[in-house]
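Geometric and topological summary
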Amino acid sequence: MKLEYTKEEIQEQLINISSIDTSSNFAAAAVHVNEHGIATHAGIVICYNNDTFLFHYTGQAILMDKIDTINEWYFYKKLKIIDTSLIEAFYYHCKIIERDALPKYGFYFGGSFYENGQYFSELGMPEVMTCVGFCLNVILGFLEEDVFFEFDGWNPLAPNEILPLGGGITVGDFFNRFFVLKNNFTESEIDEFRRNFKRITPLEYITSGFITILPITKVDIDKYISLLDECLKCNVLKLQGKVCA
Amino acid sequence: MSTDKLELKIVKDSKGNDIQLTDMSIETSRSLIVLIEALAKIVETTPDSEGMTIQVTNGSACVAVSGNNKQINTFQEDFDQIVQNKSTNKQLVESWRDIQNLFIANGLQYEANFTTGNKKTNVYTQIKTAKSFRTKSIRDNNAKFKLVFLRGKLIEIGGKNPNIHIQDLNDDKSITIACEEQEARKVNSFLYNEIFVSAWEKTSYNKNPEYRFCDVYVNENLFNEFQNFISNDLGEPDRLIKLHDKMRSFIKKEDFGNLKKFLRLFNHTSMDNNILKSILVFTKSFREDSKLKDIRSNLLETFQHQKY
């Protein structure tokens, strides 16, 4: 399979937020990596008028953090699908979402977006998402296109799959807690949720930063994902003062 | 031998008959002359076109120039520039304009194609429906535009190039605002009364300001509201949030009519692309709404035109 990017090129374009270049505006896909080089959280880095921010959803709140307040390890890839001449518009698109949006945490990936701070789901689904889902929703809302990620390529999670929430919580558990105990949803809404209950990982998200043709499919992502994984792990080793093969 | 070419064809005469080069009407032969002349000039004014020849063949009356891939591609790229009104090559623009005028004017049936490699691109419709080809004036780049809000007595409408004249109520100064026929008709009922309009003021070096019509307001409050927004809110650092909230206020009241009027204020090539993009993002979910469809599609076109 011939790829457009070599490992070296990917390495070059995955930048540590500690060395962020503020000389010109941009928006970027960003992930937090742990000490093993695993991407565990997703966000959007915005550089606007020399100020830099990490825009992300923690599962509790939507935050627009100033980059110089962040101590964790984050790597970003500049997004070509967001034109650098439109960063003022993108920044305020995010500010309005920060002000008005009220997402709840959950693994729904059914094709939705934030446009003008309003959550819009074609299927009328409630505002439920993960940190990755949040980023995808923000970006899609800004694009003129109708589709950003082609979610059909990802399979729905099975009820016994364990979610990365700690405590060994399964999909089934999550469903029961979220839908039965806390919220009022109809049967068909719950069904719709089950069908779209998927997991798109932060690693897949940062990989998508290297794909410029929309919609982004799982096949596209799978082409690069192991390279991205290697590069992130390599970057972390370097941060730890170790040598990387 | 290369098969890449630019072809201009007269397919049928004004009576709907096939063309025979050996037996043409005067009208057809005059059209043929225009096509040959225009094509020859296109070849002459394009660099690296030495050795290119022109063919006139039967089977429709076809005037073509063939060349290698690079040469024909150059013709096509230049053509695209002209359609987008970006060409400063006067002679080239004039040649294509002659072709354009021919297509628009008489009742013959034409075809125009670029053939590069295996790809044949039909450009006839593009030529016929485009605005009259003009050389992009270099001076235009120095023109500054500003949206202004004018009130006064409407004292005249009309003219061969449609315009309206508004007289200031305080001094006797009169302003001429260029517009489209449809727009002139829209203000008709205000003749000799006070009128509230918005217009694009163009100031260029060494010239008096020129005005182009944007919209008319029946309601003085709306006029003041819009004027206030443009003069004050748009100058703020968080102008895009104010813009969003303003649009949202119309949606909340389900006042699509006035939202449409509000959006018209931004449909101009001088408008900052970040403003246009913010509007497009806000109205994304209204793309198919009957009231907003057209203005959004116009704004999208203005936005895309600017990205070049």
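Predicted model, so just to flag it, every value in this text is computed and none were measured. (Residues numbered from 1 in each chain as written. Chains lettered and ligands numbered in written order. Predicted model: local features only at pLDDT ≥ 70, side-chain atom pairs only at ≥ 80, totals over all residues. Heavy atoms only, no water.)

A closer look at the state of the cysteines
All names here are of chain A. This is how the line gets drawn: Cysteine sulfur atoms that pair up within 2.5 Å are treated as a disulfide. Here a strand is any run of E in DSSP of at least two residues, a helix any run of H or I of at least four, and the numbering for each starts at the N terminus.
Scanning all chains against the criterion turns up 1 disulfide over all chains. For Cys234, the disulfide goes to Cys244, at an S-S distance of 1.7 Å. Taking the torsion about the sulfur-sulfur bond, which here is approximately -120 degrees, the covalent link between Cys234 and Cys244 counts as left-handed. Separated by 10 residues along the polypeptide, Cys234 in helix α7 (residues 218-239) and Cys244 in the segment after α7 bring together distant segments of the chain.

Here's the deal with the interface of chain B and chain A
As a reminder of what qualifies: It only takes one pair of heavy atoms within 4.5 Å for two residues to be counted as in contact. Two parts placed together each lose some accessible area; with a 1.4 Å probe, that loss summed over both constitutes the buried area. By salt bridge we mean one thing: a side-chain nitrogen of Lys or Arg within 4 Å of a carboxyl oxygen of Asp or Glu.
With 23 residues of chain B at the contact, the number on the chain A side is 24 residues. Between chain B and chain A, roughly 1,900 Å² of surface is buried when both sides are summed, and carbon and sulfur atoms account for 50% of that area. One can count 6 salt bridges joining chain B with chain A. Here Arg296 of chain B and Glu144 of chain A are joined by a salt bridge, their closest N and O atoms 2.8 Å apart.

Describing the sheet that holds strand β7 (residues 163-167) of chain B
Within a beta sheet, neighbouring strands are joined by backbone hydrogen bonds and run either parallel or antiparallel to one another. Residues and elements named next belong to chain B. How we decide: Any two strands between which DSSP finds at least two bridges are classified as paired. Every axis in this analysis is a line fitted to C-alpha atoms, fitted for helices over the stretch in contact. Angles between the N-to-C directions lie between 0 and 180 degrees.
The 5 strands lie next to each other as β6-β7-β8-β10-β9, forming a closed barrel whose pairing is mixed. Here the average twist between neighbouring strands, direction ignored, is 55 degrees. Strand contacts of helix α6 (residues 220-231): β6 (144-158), β9 (194-203) and β10 (210-217), with the helix running at about 155 degrees to β6, the strand carrying the most contacts.

So, helix α2 (residues 69-83) of chain B
The periodicity of an α-helix, 3.6 residues per turn, causes residues three or four places apart in sequence to face the same way. Residue and element names in this part refer to chain B. Filter applied, for reference: Expected helix span is taken as 1.5 Å per residue step, with the number of steps being one fewer than the number of residues. We call a residue buried when its accessible area falls under 20% of the maximum for its residue type, exposed when it is over 50%, and partly exposed in between, using a 1.4 Å probe and counting protein chains only. Our arc is simply the arc of the directions from the helix axis toward the C-beta atoms. Any pair of nitrogen or oxygen atoms within 3.5 Å is treated as a polar contact; in protein, a donor-acceptor pairing is required on top of that, and neighbouring residues in sequence qualify only through side-chain atoms on both sides.
Between its terminal C-alpha atoms α2 stretches 21 Å, which fits the 21 Å expected from 15 residues at 1.5 Å a residue. Along α2, the residues classified as buried are Gln71, Ile72, Phe75, Gln76, Phe79 and Ile82. With its buried residues spanning 135 degrees around the axis, α2 presents them on a single face. Opposite the packed face of α2, turned more than 90 degrees from it, sit the exposed residues Lys70 and Glu77. A side-chain oxygen of the first residue of α2 lies 3.1 Å from the backbone nitrogen of Lys70; this N-cap is Asn68. Phi for Asn85, located one or two positions after α2, is positive at around 60 degrees.

Side note on the sheet that holds strand β5 (residues 119-122) of chain B
Residues and elements named next belong to chain B. Pairing within the open sheet is antiparallel, and its 5 strands lie in the order β2-β3-β1-β4-β5. This sheet does not close on itself; its edge strands, each paired only once, are β2 (53-57) and β5. Direction aside, the axes of adjacent strands within the sheet are offset by 20 degrees on average. With 4 bridges connecting them, strand β4 (residues 109-116) and β5 associate as antiparallel partners. Across the sheet, residue Thr115 finds its bridge partner in β5, namely Lys120. Sitting on the sheet, helix α1 (residues 26-45) is in contact with β1 (4-12), β2, β3 (61-67) and β4, with an inclination near 10 degrees to β3. This element, α2, spans β1, β3, β4 and β5 of the sheet and lies at about 130 degrees to β4.

Things to note about the pattern of salt bridges
If the charged atoms of two oppositely charged side chains come close together, the side chains can form a pair. Inspection of the entire model under this criterion finds 29 salt bridges over all chains. In this structure, Arg99 of chain A engages Asp245 of chain B in a salt bridge whose closest nitrogen and oxygen atoms are separated by 2.6 Å. Placement of Arg99 of chain A in helix α2 (residues 87-100) and of Asp245 of chain B in helix α7 (residues 239-252) is noted, with the two residues assigned to different chains. For Arg99 of chain A, a relative accessible area of 43% gives the class partly exposed. Residues participating in the shared-partner salt-bridge network are Arg99 and Asp100 of chain A together with Asp245 and Arg248 of chain B.

What about the nonpolar core?
The condition that has to hold: Take the buried residues of types Ala, Val, Leu, Ile, Met, Phe, Trp, Tyr and Cys, join any two whose side-chain atoms come within 4.5 Å, and each joined set is a nonpolar core.
Residues Ile46, Phe55 and Tyr205 of chain A together with Phe262, Leu265 and Phe266 of chain B are the most contacted members of the largest nonpolar core, which totals 96 residues. Top element by residues in this core is helix α3 (residues 131-142) of chain A. It accounts for 9 residues. Excluding residues within four positions of it along the chain, Tyr205 of chain A makes contact with Ala29, Ala30, Val31, Ala42, Gly43, Ile44, Val132, Cys135, Leu136 and Ile139 of chain A. Formed by 33 residues, the second largest nonpolar core is a distinct cluster that contains Val43, Phe75, Val93 and Ile99 of chain B.

Some remarks on α1 of chain B
All names here are of chain B. Between its first and last C-alpha, α1 extends 29 Å over 20 residues, near the 28 Å set by a 1.5 Å rise per residue. Turning to α1, its buried residues are Thr28, Ser31, Leu32, Leu35, Ala38, Leu39, Ile42, Val43 and Thr45. In this structure, the buried side of α1 is in contact with β1, β2, β3, α2, α3 (90-105) and β4.

Remarks on the packing of α7 of chain B against helix α9 (residues 273-282) of chain B
Residues and elements named next belong to chain B. The test is simple: Handedness of each helix crossing follows the sense of rotation of the near helix against the far helix: counterclockwise by less than a right angle gives left-handed, clockwise gives right-handed. For this classification, Asp, Glu, Lys and Arg are treated as charged, while Ala, Val, Leu, Ile, Met, Phe, Trp, Tyr, Cys and Pro are nonpolar and the rest, including Gly, are polar.
Two numbers describe how α7 lies on α9: the axes approach to 10 Å, and their chain directions differ by 35 degrees. As for the relative orientation of α7 and α9, their crossing is right-handed in sense. Listed contacts from α9 to Arg239, Leu240, Leu243, His244, Met247, Arg248 and Ile251 of α7 are Asn274, Ile275, Ser278, Ile279 and Phe282. Residue composition of the contact of α7 with α9, grouped by class: 7 nonpolar, 3 polar and 2 charged.

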